[in-house]
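Chain and residue survey
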Amino acid sequence: MKRFYGTELPNPLMLGTAQYPSPAILEQAFRTSGAGVATVSLRREGAEGAGAAFWKMIQELGVLILPNTAGCHTVKEAVTTAHMAREVFDTRWIKLELIGHTDSLQPDVFQLVEAAKVLTEDGFQVFPYTTEDLIVGERLLAAGCEVLMPWGAPIGSGRGLNNTYALRAMRAEFPEVPLVIDAGIGLPSHAAQAMELGYDAVLLNTAVARAGDPVAMACAMVRAIEAGRLAHEADPIEARDMAEASTPVIGKAFLA
Amino acid sequence: MYSVIGAGVAGLAVASELVSRGAAVQIFDPAGPPGPHGCSWWAGGMLAPWCEYENAEEPVLRLGREAIGWWQDRTTVARRGTLVVAGRRDLPDLRRFARRTEGFREVDAELANLEPDLHGFSKGLYFENEAHLSPRKALADLHAGLQARGVAFHAGEAPEGLQNAIDCRGLSARGALPDLRGVKGEMLVIRCPDVTLSRPVRLLHPRIPLYIVPRGNGVYMLGATMIESEDRRRITARSMLELLSAAYALNPAFGEAEVLEIGVDLRPAFPDNLPRIRRIGGRIYANGLYRHGYLLAPALAKGVADLALNNIHSEMVDEDRD
């Protein structure tokens, strides 16, 4: 398993912490599923420790914490939020999210590269939420990122992997870089597909938090991710157009 | 003599239930009678157990159903149902809401008869059995009703060592209830006589359950955000934008509304967002009504009365020790 800035993930599910029916259900979803990383947003909860009670609960989950800059639209906002996150959670990790489009929540990749550079120079370890664009990926790596997190589909849309061709190309282009599918996952089959493509982890939130039974869905995701990872490592067969019988058909006494 | 500490919706409901069962009660609240210092002042006042069940645990539906009758004995309750709508691009959310709830019927053409001033919505869910009340009138009616039955209100701290104390202080009791947290809510009161809505309308939104509750005379309550923050000082621009955009989406004439009030406060909540009754060292704590102050206060009050008067442990009691 690839390491994320030197850290091995206990489990390749990175699970968001927003929108659960209650903190108790959030906690149960983590404990029961064994998700390895909790992503947490700081921006809406406000500065000056106002979200402290909730953040303390997240810290007590005992999983790795990946704070994010969700809801930021400019480099300046993102950098400020990242600094706040480092103080609150005492971690250099930051999921860098810079929204460029209101309806699709598509990342603004130009500002993303700029912010990644600023934060890396500040000593952060940046997990950039990006598109499947290879050149942007290269620029992010050049800016100091050691992980890339392309979207599967727009945030919260639950559409799965919209562009498997490009995601496969990205995997092939950056074989040594830890790659995470971030956003757009709706079903365990989507998460499994991401891992079958050779991705190293999956980040999701809405698909679990807004499911009728978030705890069951978190478990389903973890199992699908494990299945996809095993399948990838097992070197799956190639798809073909015609049947290939698994037992010989020539030489049988009777041919149907 | 039972001493209820705190004159918000929890304290007044507990006092009212105790008095109705024949107990003698006095009430302490350093802030005096119900007012803007308590979060129940800023509530929506929806008695909407079926809608709330979309994102809440089962007791909210079951216990919440008892609320309408309890309140009808004590204040004015409008039984006009709830209407749930979604914008065209959020129709999947409406289907999901329908799947997760019960006690509604789908309406399309009928929508225009139910609420002629809702524009641009083709589908909705009508929860006919739900109701709403005016929180401030409900608090005033409870207060007046208790006074009429001889309950003394003390505008001051409860004295130390009080016997039979029932602590309904909300978030102020967190020193004794370490798993209690505050969940920030922001709301607006607007006046817009150009728009007539006769029942609470919920607009499904990917992040916030937005609703508008008619208060009469063209006044509407617009709520409410749910933020895991304990900053109760001010509303944020983003929240204000989201609340007003929701009103504008329901009817663009809301753009001309006057903003009468901005409310910000913290809902007291336990980790599963369900209320609790605890008896610790002789004092009963009743707390954690979260966003269900008016919906679950009657059940909380009954649970407290069962424990205090009859030593019956209802399902809300999770701790009883010296």
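Residue indices begin from 1 for each chain and proceed along its sequence in written order. For this description, chains carry letters from A and ligands carry numbers from 1, given in the order in which they are written. Totals for whole chains, interfaces and linings use every residue, but because this is a predicted model, local features are given only for residues with pLDDT of at least 70 and side-chain atom pairs only at 80 or more, for both listing and counting. Neither water nor hydrogens contribute to the side-chain values; these are computed over all heavy atoms in the structure.

A few words on the domain arrangement of chain B. Residues and elements named next belong to chain B. In this document the domain limits rely on a domain assignment from an automatic tool or a database. By the assigned domains, chain B splits into domain 1 (2-47 + 134-180 + 271-310) and domain 2 (82-128 + 181-269). Between domain 1 and domain 2, the C-alpha centre-to-centre distance is 28 Å. Contact with domain 1, which involves 23 residues of that partner, is made by 21 residues of domain 2. Each partner contributes to the roughly 1800 Å² buried at the junction of domain 1 and domain 2, and carbon and sulfur atoms together form 57% of this total. Buried area adds together the accessible area that both of two parts lose upon being put together, with accessible area traced by a 1.4 Å probe. For the domain 1 face of the interface with domain 2, the top three residues by lost area are W42, M46 and R291, together amounting to 35%. Should a side-chain nitrogen of Lys or Arg be within 4 Å of a carboxyl oxygen of Asp or Glu, the pair is scored as a salt bridge. With a shortest N-O distance of 2.8 Å, E230 and R174 are connected by a salt bridge. We call two residues contacting when some pair of their heavy atoms lies within 4.5 Å.

Here the focus is the sheet that holds strand β16 (residues 276-280) of chain B. All names here are of chain B. The criterion for strand pairing is that DSSP finds at least two bridges linking the strands in question. Each helix corresponds to a stretch of at least 4 residues labelled H or I by DSSP, and each strand to a stretch of at least 2 residues labelled E; elements are numbered beginning at the N terminus. Within the open sheet, the 7 strands sit side by side as β9-β2-β1-β10-β17-β16-β18. Their pairing is mixed. Two strands lie at the open edges of the sheet, namely β9 (152-154) and β18 (317-321), each paired on one side alone. Each adjacent strand pair in this sheet contributes to an overall mean axis angle of 20°, direction not counted. By the bridge criterion, 3 bridges tie strand β1 (residues 2-5) to strand β10 (residues 165-167) in an arrangement that is parallel. What sits directly across from I5, in β10, is D167. Angles here are taken between N-to-C directions and fall from 0 to 180 degrees, while the axes themselves are lines fitted to C-alpha atoms, restricted in helices to the stretch in contact.

Note that side chains of opposite charge can pair when their charged atoms are close. Residues and elements named next belong to chain A. This structure, assessed with the given rule, holds 38 salt bridges over all chains. E27 is the partner of R31 in a salt bridge, and the nearest nitrogen-oxygen pair spans 2.9 Å. Taken together, the residues R31 and E27, both in helix α1 (residues 23-33) and 4 residues apart, mark about one turn of the helix.

Moving on, we come to empty space enclosed by the protein. Which parts of space are left empty comes out when a probe the size of a water molecule is rolled across the atoms. A 1.4 Å probe that fits but cannot get out identifies a cavity on a 1 Å grid over protein atoms alone, an open set with protein on both sides within 12 Å along at least five of seven lines counts as a pocket, and a residue lines either if it has an atom within 4 Å of a point. Grid points are joined across faces, edges and corners, and a volume is the space filled by probe spheres set on the points. Scanning all chains against the criterion turns up 1 cavity of 30 Å³ or more. Put simply, the largest cavity is a space of about 60 Å³. Amino acids outside the nonpolar list (Ala, Val, Leu, Ile, Met, Phe, Trp, Tyr, Cys, Pro) and the charged list (Asp, Glu, Lys, Arg) are all regarded as polar, and Gly is one of them. When its residues are assigned to classes, the lining of the largest cavity shows 6 nonpolar, 4 polar and 2 charged.

Residue and element names in this part refer to chain B. Within the secondary structure, G81 sits in the loop between β4 (77-78) and β5 (82-85). Note on exposure labels: buried denotes an accessible area under 20% of the residue type's maximum, exposed denotes more than 50%, and partly exposed covers the range between, all computed with a 1.4 Å probe on protein chains only. On the basis of relative accessibility, which here comes to 0%, the residue G81 falls in the buried class. Residues in contact with G81, not counting those within four places in the same chain, are Y126, F127, E128, E130, R199 and P200.

On to the UniProt feature "active site" (unreviewed entry) in chain A. Residue and element names in this part refer to chain A. UniProt positions are given in the numbering used here, feature names are shortened, and annotations may be inferred rather than shown by experiment. Per the UniProt entry, the sites bearing "active site" (unreviewed entry) are K95 in this numbering. Looking at the secondary structure, you find K95 in strand β4 (residues 93-96). With residues up to four places along the chain from it excluded, the contact list for K95 reads L66, P67, N68, T69, F127, Y129, M149, D182 and L203.

So, about the nonpolar core. Nonpolar core, defined: a set of buried Ala, Val, Leu, Ile, Met, Phe, Trp, Tyr and Cys residues in which side-chain atoms within 4.5 Å join the residues together. If you look at the biggest cluster of nonpolar residues, it comprises 77 residues, and the most contacted ones within it are F4, M14, L15, L96, V126 and F127 of chain A. Each residue touching L96 of chain A, except ones within four places of it in the same chain, is listed here: T69, A78, L112, A115, A116, L119, V126, F127, P128 and Y129 of chain A. In terms of nonpolar packing, the next biggest core, distinct from the first, is built from 71 residues, V60, L133, L142 and L204 of chain B among them.

The interface is formed by 24 residues belonging to chain B together with 19 residues belonging to chain A. Buried surface at the junction of chain B and chain A, both sides included, amounts to about 1700 Å², of which 41% is carbon and sulfur. Contact with chain A buries surface across chain B, with N55, E228 and R238 of chain B losing the most and accounting together for 28% of the total. If you look at where chain B meets chain A, you find 0 salt bridges. Polar contacts, as used here, are pairs of N or O atoms within 3.5 Å; protein pairs need one atom able to donate a hydrogen and one able to accept it. Residues neighboring in sequence count only if both atoms are side-chain atoms. For the interface between chain B and chain A, the tally reads 4 residue pairs in polar contact (both at pLDDT 80 or more). Elements represented by at least two residues in the side of chain B that touches chain A include exactly α5 (91-100) and α8 (237-250) of chain B. If you tally residues by element for the side of chain B that touches chain A, the top one is α8 of chain B, at 3 residues. Looking at the side of chain B that touches chain A, its residues break down into 5 nonpolar, 4 polar and 15 charged.

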